[in-house]
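Coordinate inspection notes
So you can see what is in the structure, the chains are spelled out below.
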Amino acid sequence: MNLQSRFFTRPTTYAAVFVCAALLAAGCASTTSGSVAAGGKGRSQLLLVSSDQVMQQSLQYYEQQNQQARAKGDLITSGAEWSRVNAVMLRLVPQVGAFRPDAARWPWQLVLIDEDTVNAHVMAGGKITVYTGLIRKLKLSDDEIAAVMGHEMAHALREHTREKMSQSAAGDLAISIGGALLGAGEGVQQMAGLGKQLALDLPFSRGMESEADLYGLELAARAGYDPRAAVTLWQKMAQAGGSNGPGFLSTHPAPGDRMAALEAAIPKVMPLYEAARRKG
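It should be emphasised that the depicted structure is a prediction, and the values quoted were computed from it without experimental measurement.

Brief notes about the overall build of the protein chain
Looking only at helices and strands, the protein chain features nine helices and six strands. Split into buried and exposed, the 280 residues of the protein chain put 42% on the buried side. For the protein chain, the proportion of contacts with a sequence separation of at least 24, taken over those separated by at least 6, is 73%. Here the protein chain displays about 14,300 Å² of accessible surface, and carbon together with sulfur accounts for 58% of that area.

A word on the pairing of strand 6 (residues 127–131)
Regular strands have side chains that alternate between both faces of the sheet. Strand 6 sits mainly inside the fold: five of its five residues count as buried. Of the two faces of strand 6, the one carrying K127, T129 and Y131 and the one carrying I128 and V130 are both buried. Across five bridges, strand 4 (residues 109–113) lies against strand 6 in parallel orientation. Each bridged residue has a counterpart across the sheet, and for L110 the counterpart in strand 6 is I128.

A short note on the environment of S50
The topology assignment puts S50 in the loop between strand 2 (45–46) and helix 2 (51–71). Take S50: its relative accessible area is 35%, and that puts it in the partly exposed class. When the C-alpha positions of S50 and R162 are compared, they lie 7.5 Å apart, and in sequence the two are 112 residues distant.

As for unusual backbone geometry
Non-glycine residue K139 carries a positive phi angle of around 50°. Summarising the element assignment, K139 is placed in the loop between helix 4 (132–138) and helix 5 (142–157).

Some words on the nonpolar core
Among the nonpolar cores identified, the biggest contains 53 residues, and L92, W108, I128, V130, M149 and M153 are the most heavily contacted of them. The element contributing the most residues to this core is helix 5, with nine residues. Ignoring sequence-local partners within four residues, the contact set of M149 consists of V85, V88, M89, L92, L110, I128 and V130. Judged by nonpolar contacts, the second largest core, of seven residues, contains A69, L75, M123 and Y131.

Things to note about the sheet that holds strand 6
Spatial strand order, 3-4-6-5: four strands in an open sheet with mixed pairing. Edge positions in the open sheet fall to strand 3 (75–76) and strand 5 (120–123), since each of these has one partner strand only. Set on the sheet, helix 2 makes contact with strand 3, strand 4, strand 5 and strand 6; between it and strand 4 the angle comes to about 35°. The sheet contacts of helix 3 (residues 80–92) involve strand 3, strand 4 and strand 6, and relative to strand 4 the element is tilted by about 145°.

Definitions and cut-offs
- Residues numbered from 1 in each chain as written.
- Predicted model: local features only at pLDDT ≥ 70, side-chain atom pairs only at ≥ 80, totals over all residues.
- Heavy atoms only, no water.
- Helix = DSSP H or I, 4+ residues; strand = E, 2+ residues; numbered from the N terminus.
- Buried < 20%, exposed > 50% of the residue type's maximum accessible area, 1.4 Å probe, protein only.
- Contact = heavy atoms within 4.5 Å.
- Areas by Shrake-Rupley, 256 points an atom, 1.4 Å probe, with all protein chains shown as cover.
- Pairing = 2+ DSSP bridges.
- Core = buried A, V, L, I, M, F, W, Y, C linked by side-chain atoms within 4.5 Å.
- Axes fitted to C-alpha atoms, helices over the stretch in contact; angles between N-to-C directions.

Below, the structure written as structure tokens:
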């Protein structure tokens, strides 16, 4: 490289690094207070994407999902099974204020989809979807349903979808700028993208899952559901083969690691559970 190209490239590199650093610094915040189950410590989150944008996309997906299920006759919004699951949600919702007061005013809503899928998920803003296969195949108790729902509600409280989208946007920006500055070919940038996925996206997803486990554990305990049911839930999930595959390529923690973390956290939330039970 001659002196002239070196002179122009280095300031450009510094400028790109400065821009990236400024964006990351501006986007760091925390959506909730800390969890007792997680030691009471909060965690800073990268939130470059607006909550309104995530909310809009989530509602679009939620409506599309419901329309498709309704067209097949699989959407359940009433009846004994729906009422049972909805009752668990209604006990959990008043407890969300312990983590973020604004969440108590969210339009929390449950839909039950009649499919054999062993799954549940939540959209931004408190739109919860549970599949009947989860309840029926695993023969879940109310305490175990609370463990599932608390976990899913924790994802919404922590705005993990927004955080994940922000991480992806920041990583893509860094790869794009770095590749252009270094003159990297398309193949090199694709390898860098794979490296980002393995080193950033998936580990953060596992971290979010672990975080949701702990926040959900506390949420269930505050609502008077036995937190020990979280362990029996994941024992059933493991027996059902819900977390197969190499651990480092999975977005979920290994079942053994997950249960060990929950067992370690349960003593921290048992006083909350016992206090809730005393209040009836």
